[in-house]
Amino acid sequence: MSISLTRSWARSAISHPLPLKKALDFFESANNLTCTVVVGRDLNPDHRAYLARWDGIDLVVRELTEEMQQAWSIKPSALILQRDSDDTLLPVVSTERRYSLSVEQIRLVTNSAGQMCLNGICRYACDSPAPLDFGGAIQVHYFRPSIGATTRRQHAGLCHANRMLGSPGGILPFEFDLPWLDRTDLNQRQPLALFMQIFTADNWEQPRNCRRVSNLTSAFVDIW
């Protein structure tokens, strides 16, 4: 998909001229890099607030409930434009949509080391026969307005698949450590948005020759 997808969405989601121009200019300047946008309800013709993420190929859009807007302190006239920092992005050499990906379960737990982590299950499917993929991994990016691209906090994670990926599909359990989640975060009780995608690579130590092999999917988890 081209940037025309983001232009179409921005024009449908933002009715005010100046914020619309800012959003369109932002997508243009992102130059196919991964970015996140929050649109406050007063900017939308249907009075709805949205969270959107674009990775240069896929655009994922979620409507924010009133509870989410309050938890994140989203002002009605807010327009949040955030581009991912380079240190959280994988060096992608190609995109091949072999699998559809969805999140089935997710929860916040304490791991054996006493740190907070996210674990759950993704389901992937392949409609047509595909060779087995070795070296698969799920990358996650976390978002909420208080975790900005300019902060020094970790806001991405990687979980290597526990099986080879092939048709017709299956489930992928995941666990992501959250070492940056401190007591302040827990007391604020702000939900996290998660954006997840399957990648493969020739070498994850470098990493080298990373390839997107699924759609971009999203989920929310409450921090209590």
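Our structure's up above, just so we're on the same page.
Just so it is clear, the structure is predicted and the values come from calculations on it, not from any experiment. (Residues numbered from 1 in each chain as written. Predicted model: local features only at pLDDT ≥ 70, side-chain atom pairs only at ≥ 80, totals over all residues. Heavy atoms only, no water.)

Peer 1: Please explain the overall build of the chain as it appears in this structure.
Peer 2: Of the regular secondary structure elements, the chain holds four helices and twelve strands. For the chain, with 224 residues in total, the buried portion stands at 48%. Pairs at least 24 residues apart make up 68% of the contacts formed inside the chain by residues separated by at least 6 positions. Total accessible area on the chain is roughly 11,100 Å²; 48% of this is exposed by carbon and sulfur atoms. (Helix = DSSP H or I, 4+ residues; strand = E, 2+ residues; numbered from the N terminus. Buried < 20%, exposed > 50% of the residue type's maximum accessible area, 1.4 Å probe, protein only. Contact = heavy atoms within 4.5 Å. Areas by Shrake-Rupley, 256 points an atom, 1.4 Å probe, with all protein chains shown as cover.)

Peer 1: I keep staring at the sheet that holds strand 4 (residues 79–83) and nothing clicks. Help me out?
Peer 2: Strand pairs in the sheet, formed through backbone hydrogen bonds, run parallel or antiparallel to each other. Pairing is antiparallel in the open sheet, where four strands are placed in the order 3-2-1-4. The outermost strands of the open sheet, each flanked by one partner alone, are strand 3 (59–64) and strand 4. Here the strands of the sheet are splayed against their neighbours by 10° on average, with no regard to which way each runs. Inspection of the sheet shows strand 2 (residues 49–54) paired to strand 3 by six bridges, in the antiparallel sense. Bridge pairing in strand 3 links Ala 49 to Leu 64. (Pairing = 2+ DSSP bridges. Axes fitted to C-alpha atoms, helices over the stretch in contact; angles between N-to-C directions.)

Peer 1: Would you mind showing me how to read unusual backbone geometry here?
Peer 2: In most cases, non-glycine residues show a negative phi, while peptide bonds are predominantly trans. Of note, the bond from Ser 167 into Pro 168 is cis; its omega dihedral lies within 30 degrees of zero at 5°. With respect to the helices, strands and loops of the structure, Pro 168 is situated in the loop between strand 8 (156–160) and strand 9 (169–177). Backbone torsion omega between Gln 206 and Pro 207 reads -10°, so that peptide bond is classified as cis. Mapped onto the elements of the fold, Pro 207 is located in the loop between strand 10 (192–200) and strand 11 (210–214). Unlike most non-glycine residues, His 47 shows phi in positive territory, near 60°. Within the secondary structure, His 47 is located in the loop between strand 1 (35–39) and strand 2. On the accessibility criterion, His 47 (48% relative accessible area) is partly exposed. In the Ramachandran plot, Asn 209 falls in the positive-phi region, its phi being about 55° despite a non-glycine side chain.

Peer 1: Can you walk me through the state of the cysteines in this structure?
Peer 2: Here a disulfide denotes one covalent bond, and it connects the sulfur atoms of two cysteines. Scanning the model with the defined rule gives zero disulfides in all. Take Cys 122: it sits in no disulfide, and the sulfur closest to it among the cysteines is that of Cys 159, at 9.0 Å. The buried category is assigned to Cys 122, whose relative accessible area is 0%. (Disulfide = S-S within 2.5 Å.)

Peer 1: I would appreciate a short explanation of the pattern of salt bridges in the present structure.
Peer 2: Side-chain pairing between opposite charges can occur once the charged atoms of the two side chains come close. Tallied over the entire structure, the rule returns ten salt bridges. One salt bridge in this structure joins Glu 63 and Arg 48, with 3.9 Å as the shortest N-O distance. One end of the pair, Glu 63, is in strand 3; the other, Arg 48, is in the loop between strand 1 and strand 2, with 15 residues separating them in the sequence. Overall, Glu 63 belongs to the partly exposed group, its relative accessible area being 43%. Asp 84 serves as the salt-bridge partner of Arg 53, at 2.6 Å between the closest nitrogen and oxygen. (Salt bridge = Lys/Arg side-chain N within 4 Å of Asp/Glu carboxyl O.)

Peer 1: Just to check I follow, could you spell out helix 2 (residues 17–30) for this structure?
Peer 2: Quick reminder: α-helices carry 3.6 residues per turn. Residues three or four places apart thus point the same way. With 14 residues, helix 2 extends 20 Å from end C-alpha to end C-alpha; this agrees with the ideal 20 Å at 1.5 Å per step. Inspection of helix 2 places Pro 19, Leu 20, Ala 23, Leu 24, Phe 26, Phe 27 and Ala 30 among the buried residues, and these make up the whole buried set. Viewed end-on, helix 2 has its buried residues packed into an arc of 155°, placing them on one side of the element. More than 90 degrees from the buried face of helix 2, the exposed residues found are Pro 17 and Leu 18. (Expected span 1.5 Å × (residues − 1). Arc of directions from axis to C-beta.)

Peer 1: Is there a simple way to explain helix 1 (residues 4–13) in this structure?
Peer 2: Within helix 1, the full set of buried residues consists of Thr 6, Trp 9, Ala 10 and Ala 13. An end-on view of helix 1 places all buried positions within 100° of arc, on one side of the element. Close packing links the buried residues of helix 1 with helix 2, strand 1, strand 2 and strand 3.

Peer 1: What am I meant to see in the layout of surface pockets here?
Peer 2: Empty space among the atoms becomes visible once a probe the size of a water molecule is rolled across them. Estimated volume of the largest pocket: approximately 270 Å³. In terms of lining residues, the largest pocket is bounded by 18 residues, among which Thr 34, Leu 89, Val 92, Phe 199 and Arg 212 are the most central. When contributions to the lining of the largest pocket are tallied by element, the ones reaching two or more residues are strand 5 (92–110), strand 7 (136–143) and strand 10. The element contributing the most residues to the lining of the largest pocket is strand 10, with four residues. Of the residues assigned to the lining of the largest pocket, the class counts are nine nonpolar, six polar and three charged. (1 Å grid on protein atoms, 1.4 Å probe; cavity = no way out; pocket = protein on both sides within 12 Å on 5 of 7 lines; lining within 4 Å. Points joined across faces, edges and corners; volume = space filled by probe spheres on them. Nonpolar A, V, L, I, M, F, W, Y, C, P; charged D, E, K, R; others polar.)

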